[in-house]
Amino acid sequence: MEDISRNQKAQRIRDVIRYIQRFKNAVVVIYLDDEIIDSTLFSSHIRDISLIHEAGLQVLIVPGAHKRIDQILSSSGIEWSYKNNIRITNPEAMPSIKMAAFDVSNTVMTALAADHLTAVIGNWVRARGIGVLNGEDYGTAGEIDKLQTDAIRTVLSSGFIPIFPCIGWSAAGKPYNISSITLAEEIAVHLQADKLFFVMPDAEISAAHFTVPEEIGTSDTGEVPALNLDELEEFITANSGSDNTKILSLLHLAKNACTSGVSRVHILNGSLDGALPCEIFSDLGSGTMIYSKNYGGIRPATREDVPAILSLMRPFVEHGNLLPRTDKQILDSLADYIVYELDGGIRACAALHIYDTHQAEIAAVAVDESCANIGIGPKLMEYLIDRAVKENLDSIFILTTQASDWFESLGFAPDDISTLPAKRKEKWTPHRGSKLYRMKIKK
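What counts, and where the lines are drawn
- Residues numbered from 1 in each chain as written.
- Predicted model: local features only at pLDDT ≥ 70, side-chain atom pairs only at ≥ 80, totals over all residues.
- Heavy atoms only, no water.
- Helix = DSSP H or I, 4+ residues; strand = E, 2+ residues; numbered from the N terminus.
- Buried < 20%, exposed > 50% of the residue type's maximum accessible area, 1.4 Å probe, protein only.
- Contact = heavy atoms within 4.5 Å.
- Areas by Shrake-Rupley, 256 points an atom, 1.4 Å probe, with all protein chains shown as cover.
- Lys, Arg positive; Asp, Glu negative; His and termini not counted.
- Charge placed at Lys NZ, Arg CZ, Asp CG, Glu CD.
- pLDDT = per-residue confidence, 0-100.
- Pairing = 2+ DSSP bridges.
- Salt bridge = Lys/Arg side-chain N within 4 Å of Asp/Glu carboxyl O.
- Core = buried A, V, L, I, M, F, W, Y, C linked by side-chain atoms within 4.5 Å.
- Axes fitted to C-alpha atoms, helices over the stretch in contact; angles between N-to-C directions.
- Parallel < 35°, antiparallel > 145°, perpendicular 65-115°, else oblique.
- Left-handed = near helix turned anticlockwise from the far one by under 90°.
- Arc of directions from axis to C-beta.

As a further point, take the overall build of the protein chain. Of regular secondary structure, the protein chain possesses 15 helices and 23 strands. Viewed in the frame of its principal axes, the protein chain has a C-alpha envelope of about 90 × 45 × 35 Å. Taking all 443 residues of the protein chain together, 49% fall into the buried category. Residue pairs in contact within the protein chain that sit at least 24 positions apart in sequence constitute 71% of those at least 6 positions apart. For the protein chain, the accessible area works out to roughly 21000 Å², and carbon and sulfur atoms hold 50% of it. When the 42 basic and 57 acidic side-chain charges of the protein chain are each reduced to a single mean position, those positions are 6 Å apart.

Laid out in structure tokens, this is it:
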């Protein structure tokens, strides 16, 4: 157990180093909901943002101010209403809205200063009034017209953290109240950000709160760690009648951001300590990531993958699930191996050993424990079965000591050891007692 624990610790450290290298100088836009800013975890999130910045990522922060605006308007006796989730007020409310927006931004800036980081609150947002739509006057509500991206990039290149209040100004200097969430998305799109984070209270996308289509992988506790754009569309359709409109609206924003050039959008539960670094510096993270490409997939193994393959197999060998293999044994049959690469890390492997013109063995199936419940194993099997079909084989077989039920669920049936090809039968021993399962693939 001690060796396995050490292996897991080593892998986590390797992952962190890999992600630091991968995302150095990456542009990261973080929306912080104002309920998180008012929570006891705020200082912890600020410390994590500081560490992310110190790791070489370029961070921009958009703080939500909904709650603070409510408080100041109420204390001033100013009324407001909502239309299509947009706050509508009279012009007399604008000084109070500005006060609230900059108050929240100053709170974030002060917290960053306490962590020895310099942040800048700026007026980089050009806005225009929404005006009158369908007979409704939206008053002080505005929408984004233009972002001063050159000025923002100058601030970033100077090592500062830009903070964006939810206020935009017209060309004539008139202020408008704009949506912080929409502002975060627009900033990410205009800067073609590598990552856009929505840090929200209790923002959990899981089977406990949503309908998760069967083909979408979940963690062992039911959370959805990642969705590509096709899966996202399917997920949104499956939950079209959900009461959780806030999360669904975020998913629509995420879709728009990814299709507009943002590499990845992350929805995080800000009620969890450490949610940000866990999401950035690990494969499955702590929230839900929406992505368009280059996250995970199956590919042929290469010589450089051999150490990772052996590391993957080691816990399974120690538990008696797999036979031990050496570097040379894998290299000698490297063309038989495939790996599942997740964000640059090898998280699963398998091999198809062809013995004659009639049959082949699927062997060395190993999936990292952290990815065991997101459907990688079946994807590897499907890939190798398809390869066997293309080779015009009659059947494929597996030998297992502890995974009989899993292979049976994939369509394998028990068979007699006497049916093994002679070369493979030489390696089988009664002492190990592996059971044979076979799938016929030629009709």
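We are not done yet, so read on.
Per-residue pLDDT for the protein chain has a mean of 90; in total, 95% of the residues score no lower than 70. For the protein chain, the element scoring lowest by mean pLDDT is helix H1 (residues 2–23), at 68; strand E10 (residues 161–163) scores highest, at 98.

To continue, consider the pairing of strand E15 (residues 264–269). Here E15 lies mainly inside the structure; 6 of its 6 residues are buried. Neither face of E15 is exposed, since Arg 264, His 266 and Leu 268 on one face and Val 265, Ile 267 and Asn 269 on the opposite face are all buried. Pairing of E15 with strand E16 (residues 288–291), which is carried by 4 bridges, proceeds in the antiparallel orientation. By the bridge assignment for E16, Ile 267 is matched with Thr 288.

Its place among the elements puts Asp 34 in helix H2 (residues 34–37). Comment: no salt bridge for buried Asp 34; closest opposite-charge side chain is Lys 246, at 6.7 Å. Ignoring any residue separated from it by four or fewer positions in sequence, one finds Asp 34 in contact with Gly 64, Ala 65, His 66, Lys 67 and Arg 68.

A word on unusual backbone geometry. Residues apart from glycine generally show negative phi values, whereas peptide bonds are mostly found in trans. At Asp 202, a position not held by glycine, the phi torsion is positive, near 55°. In this structure, Asp 202 sits in the loop between strand E13 (195–200) and strand E14 (226–228). Overall, Asp 202 belongs to the exposed group, its relative accessible area being 59%. Backbone geometry at Ala 364 places phi at a positive 55°, although glycine is not the residue there. Residue classification places Ala 364 among the buried positions, given a relative accessible area of 2%.

Right, let's get into the nonpolar core. As a rule of thumb, soluble globular proteins bury nonpolar side chains together. Counting residues in each nonpolar core, the largest one holds 49 residues, and the members touching the most others are Phe 198 and Leu 251. Once you skip the residues sitting within four places of it in the chain, Leu 251 turns out to touch Ile 205, Leu 232, Phe 235, Ile 236, Ile 267 and Ile 290. In this structure, Ala 26, Ala 119, Cys 166 and Ile 280 belong to the second largest nonpolar core, which totals 43 residues.

This paragraph deals with the packing of helix H7 (residues 180–190) against helix H9 (residues 245–259). Contact pair H7 / H9: the axes reach a minimum separation of 10 Å and the direction vectors enclose 15°. The angle between H7 and H9 places the two elements in the roughly parallel class. Between H7 and H9 the crossing geometry is right-handed. Listed contacts from H9 to Ile 181, Glu 185 and Val 189 of H7 are Leu 250, Leu 253, Asn 256 and Ala 257.

Let us now look at helix H8 (residues 229–238). Of all the positions in H8, only Glu 231, Leu 232, Phe 235 and Ile 236 are classed as buried. Taken around the axis of H8, the buried residues stretch over an arc of 135°, which confines them to a single face. The exposed residues of H8 that point more than 90 degrees off its buried face are Asp 230 and Thr 237. Looking at the buried positions of H8, the neighbouring elements they touch are E14, H9 and E16.

A word on the pattern of salt bridges. By the definition in use, this model includes 14 salt bridges. The partner of Asp 145 in a salt bridge is Arg 128, with the nearest N and O atoms 2.6 Å apart. Pair noted here: Asp 145 is in strand E9 (residues 142–147) and Arg 128 is in strand E6 (residues 125–129), with a separation of 17 residues, a long-range link. On the basis of relative accessibility, which here comes to 41%, the residue Asp 145 falls in the partly exposed class. The salt bridge involving Lys 390 is made with Asp 386; its shortest N-O contact spans 3.2 Å. Here the residue Lys 390 and the residue Asp 386 both occupy positions in helix H13 (residues 376–390), the gap between them amounting to 4 residues, near one helical turn.

Attention shifts here to helix H4 (residues 66–75). For H4, every residue scored as buried is listed here: Ile 69, Asp 70, Ile 72 and Leu 73. The secondary structure elements touched by the buried residues of H4 are strand E3 (81–83), strand E4 (86–88), helix H5 (94–114) and strand E12 (175–177). Following H4 by one or two positions, Gly 77 has its phi on the positive side, about 70°.

Attention shifts here to the environment of Ala 226. If you trace the backbone, Ala 226 turns up in strand E14. For the pair formed by Ala 226 and Tyr 291, sequence separation is 65 residues and the distance between their alpha carbons is 7.6 Å.

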